[in-house]
Amino acid sequence: MPGELAGKLEPIVAEAVAGAGFDLDALDVGQAGRRKLVKVVVDADDGVGLDEIAEASRAVSAALDKHEHLIAGAYTLEVTSPGVDRPLTGPRHWRRAKYRLVKISPREGAGFVGRVGHAGEESARVLVDGQIRAVRYRDVARAVIEIEFKQPPTEDLKLLEEDAAGTEEPK
């Protein structure tokens, strides 16, 4: 039932989130005691702060109020942003990780850590040990952002910017 309800709510929530200027990253409907728990994860190219979460929450709440017959009962709405441990699963996640350090586990071969540069629809350019390489999304089993406590090296950023200037998607 919760999975079926999430399927019915997803277009409604996605429209409300998009109307507020955000992307719907995930929607989950579960049970929390007698109430349903509607958990909405939103994201944006520039990230999402507390004010943006509140704005998205108001938009989703208003949309759900208009379709309260679908939920049929009490519910709790939780709107949040993705955590730093969210895997990079699509091109937009890779674009948002530009210049961030990412731990990549390929489907084949050894894992590695690299800094993300230009991210296209099929692959991203990643600086690994001073060399830029194309990483096709379909070849990645898992990729997550590594937490850094200092600014990235200026020379790394310069290499990635120069590479992005002449980037084409590999065939």
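Because the structure is predicted, anything quoted here is derived from the model rather than measured.

(A) Layout of the pattern of salt bridges. Taken as a whole and judged by the stated rule, the model has 11 salt bridges. The salt bridge partner of Arg96 is Asp43, with a shortest N-O separation of 3.2 Å. One end of the pair, Arg96, is in helix α4 (residues 91-96); the other, Asp43, is in strand β2 (residues 35-43), and 53 residues separate them in sequence. Looking at Asp43, the relative accessible area reads 7%, which means it is buried. Three or more residues joined by partner-sharing salt bridges are found here, namely Asp23, Asp25, Asp43, Arg86, Arg92 and Arg96.

(B) Region of interest: the sheet that holds strand β3 (residues 75-80). Pairing is mixed in the open sheet, where three strands are placed in the order β1-β2-β3. Both edges of this open sheet fall to β1 (23-32) and β3, since each of them pairs with a single strand only. Adjacent strand axes in the sheet meet at a mean angle of 15° when their direction is disregarded. Pairing of β2 with β3 involves six bridges; the strand directions are parallel.

(C) Region of interest: the sheet that holds strand β7 (residues 131-136). One open sheet holds the five strands; their spatial order is β7-β6-β5-β4-β8, and the pairing between them is antiparallel. At either margin of the open sheet sits one strand with a lone partner, and together these are β7 and β8 (140-145). Direction aside, the axes of adjacent strands within the sheet are offset by 40° on average. Together, β5 (112-119), β6 (123-128) and β7 form the strand contacts of helix α5 (residues 154-165), whose direction differs from that of β5 by roughly 45°.

Rules of the game
- Residues numbered from 1 in each chain as written.
- Predicted model: local features only at pLDDT ≥ 70, side-chain atom pairs only at ≥ 80, totals over all residues.
- Heavy atoms only, no water.
- Salt bridge = Lys/Arg side-chain N within 4 Å of Asp/Glu carboxyl O.
- Helix = DSSP H or I, 4+ residues; strand = E, 2+ residues; numbered from the N terminus.
- Buried < 20%, exposed > 50% of the residue type's maximum accessible area, 1.4 Å probe, protein only.
- Pairing = 2+ DSSP bridges.
- Axes fitted to C-alpha atoms, helices over the stretch in contact; angles between N-to-C directions.
- Contact = heavy atoms within 4.5 Å.

No statement about biological role is implied by the geometric values presented.
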